[in-house]
Amino acid sequence: MAVGICAVAAWALGGDERAPRAHAPAEGEAASCEELSPAARRGKRIYQRGATEDGRAVQGAIAGGAAALSGREAACAGCHGPSGEGTTEGGVTAPPLAAERRLAASGERGGGAGQGRGAGDGAMTAAALVTAIREGRGPAGKWLSPVMPRYRLAEADLSDLVEYLDCVGRDLDPGVTAGSVALGAALPLTGPEAPAGAAARDVLMAAFAEVNARGGLYRRRLELRVEDSAGPAGEAGATARLLDRGVLALVGSAFDGDPALRARLSEERAPLVGPLALAGAPGFAGGAGGAGAPGLAGGAPGRARDIAAGADDMVFQVLPGPDVLARVAVKHLAGAPATAGALALVVHTRDRAGEAWASGAREEAAHRELPPPSTLPFEPGRLSPRDVADAARVHGAKAVLFWGPGAELASARAALDAAGSAVPIYASVGSIAGHAGALSRELAGSVLFLYPGSLGERERASEDALRAFLRRAGVAPGPLGIQASAYVAAQIAIEALKRAGAHATREGLIAALERLRDFDAGPAPRVTFARNRRTGVLGASVFRMNPTSDTAVRASEWIEVVP
């Protein structure tokens, strides 16, 4: 637990004029913190990330060498809070570091450079400061808290850190002013997907307007800035323009899983809440086979192994990706008495989403000590149905896990039927979204569909509530799945901003998202995030279609998978 480096720096700096001096802000000085100096920006990186500007990780160890800390786990913000507000956890109190409070606690009088300390505090030279940080001894030779790490920190880095401590809790992150918080969304406003982009934009604006009508959050209005993701450089270009304009976070923004874009979000610590994958999404924008579900178009296709995502990943998606859905299919297959311990054949498109589907199936099979599934990758539009039937027979498959367009799913099911094979096919409704018409009623009735949204009474209640919101806000009818996704993203972002507190920062928002547990965001299953969990929903329902009524018939209760 990184309790001490900032507390020591704030309390111990003193008489040596060569050492950077912490001081209470003078009148009018708060405005200077809105634009940090280069040194303070470097210090902010150390404070929040435990890393220097050139990428060196801050190193430290608990007294006695009981535990070594490095990088983010050694960052000041981990214990003192993103805004220096101080925390108490496990009976250990990390003191507040906001300039006024920390110096009041230390006994410093007045506040400008040159002001002295309370009697008996002891002189603190630059060399003594190094001793305090590296050895854990205070200015009077007293041992500091044993849970405070003993750090190896260069003098230049220490100087940067202390300069930032004069502004912690008063600096403004991108997109934040005294009266507003700007959030961004990269959405298609031109081209064939423009109606979907406009639908998402209108819902986001309506959700924020509803908050503003109640006085905003901590007297700040929520503003939405939108860039056209169908314009120059696509989603990455639109997102870059938003970040350059200055937004605190992205909400309901189009995202296809691009690694370069993910890396930039990580580097800038800019969270993306509830991304919209407008094509191939793990959801079903038209509802579950006519059952009337609003569905969700969120999630990031191709996001393999999301449940192991670390804290550096800034994409907080709502619905599970193909990997998690495949794990649900394997878990359901393994739980059926007739197929327990069964072999599976994974048929998937040769792309990022399909590979993630296959990866999830392999992971869950290994977790359950089942035989590894065989795979049959194919180029979209070029699947040989006969190959599916032959592979299922050769490998003795008891089920087929299919990821791909609806036309190929229909041909695969027909080929199995023609070969006299009754093995079930599992498929995600997200993979066939937009192509469901290729499935006849009879074929659809013989497929087990995975659906990560709500079904039954909760589904109907959520849809009714969403429609009521859209009417109340004057939002024109549109693709309900997209509207549901944007609404969920907005509600999650609003709740996280509430929990982050009055000093709106990216780090505070990230921390609030990581503490979100079982949150009801409306037309979605309840959402949970964590430090190493970036998918809010880790499960799905399995259902069949009733060929005579076009309604969904449950084949399972909700199935959850765990990291």
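One can find the structure itself at the top, above this paragraph.
Residues numbered from 1 in each chain as written. Predicted model: local features only at pLDDT ≥ 70, side-chain atom pairs only at ≥ 80, totals over all residues. Heavy atoms only, no water.

Counting secondary structure elements, the chain contains 17 helices and 18 strands. Relative to its full complement of 563 residues, the chain shows a buried share of 56%. Restricting the contact set of the chain to residue pairs at least 6 apart, pairs at least 24 apart contribute 68%. Of the roughly 22000 Å² of accessible surface on the chain, 53% is carried by carbon and sulfur atoms. (Helix = DSSP H or I, 4+ residues; strand = E, 2+ residues; numbered from the N terminus. Buried < 20%, exposed > 50% of the residue type's maximum accessible area, 1.4 Å probe, protein only. Contact = heavy atoms within 4.5 Å. Areas by Shrake-Rupley, 256 points an atom, 1.4 Å probe, with all protein chains shown as cover.)

This part is about the packing of helix α16 (residues 480-500) against helix α17 (residues 506-514). Two packed helices can be described by the angle between their axes and the distance between those axes. α17 packs onto α16 with a crossing angle of 110° between their chain directions and a minimal axis gap of 8 Å. Here α16 lies roughly perpendicular to α17, going by the angle between them. Read as a crossing pair, α16 and α17 show a hand that is right-handed. For the pair α16 and α17, the contacting residues are Ile-492, Ala-493, Ala-496, Leu-497, Arg-499 and Ala-500 in the first and Gly-508, Leu-509, Ala-512 and Leu-513 in the second. A class-by-class count of the residues in the contact of α16 with α17 yields 8 nonpolar, 1 polar and 1 charged. (Axes fitted to C-alpha atoms, helices over the stretch in contact; angles between N-to-C directions. Parallel < 35°, antiparallel > 145°, perpendicular 65-115°, else oblique. Left-handed = near helix turned anticlockwise from the far one by under 90°. Nonpolar A, V, L, I, M, F, W, Y, C, P; charged D, E, K, R; others polar.)

Pairing is antiparallel across the open sheet formed by 3 strands, whose spatial order is β2-β1-β5. Among the strands making up the open sheet, the edge pair consists of β2 (68-70) and β5 (150-152). The average angle at which neighbouring strand axes cross in this sheet is 25°, direction not considered. Pairing of strand β1 (residues 59-61) with β2 involves 3 bridges; the strand directions are antiparallel. Bridge assignment links Gln-59 to a residue of β2, and that residue is Ser-70. (Pairing = 2+ DSSP bridges.)

Turning next to the pattern of salt bridges. By the definition in use, this model includes 25 salt bridges. Among the ionic pairs, Lys-44 bridges to Asp-171, the shortest N-O distance being 2.9 Å. Of this pair, Lys-44 sits in helix α2 (residues 38-49) while Asp-171 sits in the loop between α6 (155-165) and β6 (180-187), and the two are 127 residues apart along the sequence. No difference in accessibility class separates Lys-44 from Asp-171, as the two residues are buried. A salt bridge links Arg-467 to Glu-463, with the nearest nitrogen and oxygen atoms 2.7 Å apart. A residue pair is termed a helical-turn pair when its members lie 3 or 4 positions apart in one helix, as Arg-467 and Glu-463 do in helix α15 (residues 457-473) at 4 residues. Since its relative accessible area comes to 12%, Glu-463 is described here as buried. Put simply, Lys-44, Asp-171 and Asp-173 are held in one network by salt bridges that share partners. (Salt bridge = Lys/Arg side-chain N within 4 Å of Asp/Glu carboxyl O.)

In this section: the sheet that holds strand β7 (residues 221-228). Sheet strands pair by backbone hydrogen bonding; their relative direction is either parallel or antiparallel. Strand order across the open sheet formed by 5 strands is β7-β6-β8-β9-β10, with parallel pairing between neighbours. A strand with exactly one partner marks an edge of an open sheet, and here the two such strands are β7 and β10 (315-316). Inspection of the sheet shows β6 paired to strand β8 (residues 249-251) by 2 bridges, in the parallel sense. Each bridged residue has a counterpart across the sheet, and for Gly-184 the counterpart in β8 is Leu-250. Relative to the sheet, helix α7 (residues 194-213) contacts β6, β7 and β8, its axis offset from that of β7 by approximately 170°.

This part covers the side chain of Thr-239. Here Thr-239 lies in helix α8 (residues 234-245). Not counting residues up to four positions away in its chain, the partners in contact with Thr-239 are Ala-186, Leu-250, Leu-261 and Leu-265.

Counting residues in hydrophobic clusters, the biggest one holds 66 residues, and the most contacted among them are Leu-183, Leu-222, Leu-248, Leu-265, Val-318 and Ile-492. Here the element with the most residues in this core is α16; it accounts for 13 residues. By size, the runner-up hydrophobic cluster in this structure holds 28 residues, among which are Leu-376, Phe-378, Ile-425 and Val-447. (Core = buried A, V, L, I, M, F, W, Y, C linked by side-chain atoms within 4.5 Å.)

All right, on to the side chain of Asp-173 then. Positionally, Asp-173 belongs in the loop between α6 and β6. A polar side-chain atom of Asp-173 sits 2.5 Å from a polar atom in the side chain of Lys-44. Of the polar contacts made by the side chain of Asp-173, one reaches the backbone nitrogen of Arg-506; its length is 2.7 Å. If near-sequence neighbours (up to four positions away) are discounted, Asp-173 is found in contact with Lys-44, Leu-248, Ala-504, Thr-505, Arg-506 and Glu-507. (Polar contact = N/O pair within 3.5 Å; in protein donor to acceptor, adjacent residues only side chain to side chain.)

The element β6 is largely enclosed, with a buried count of 8 among its 8 residues. Side-chain alternation along β6 places Ser-180, Ala-182, Gly-184 and Ala-186 on one buried face and Val-181, Leu-183, Ala-185 and Leu-187 on a second face that is also buried. Bridge analysis of β6 against β7 gives 8 bridges, and the strand direction is parallel. Paired with Val-181 across the bridge in β7 is Leu-222.

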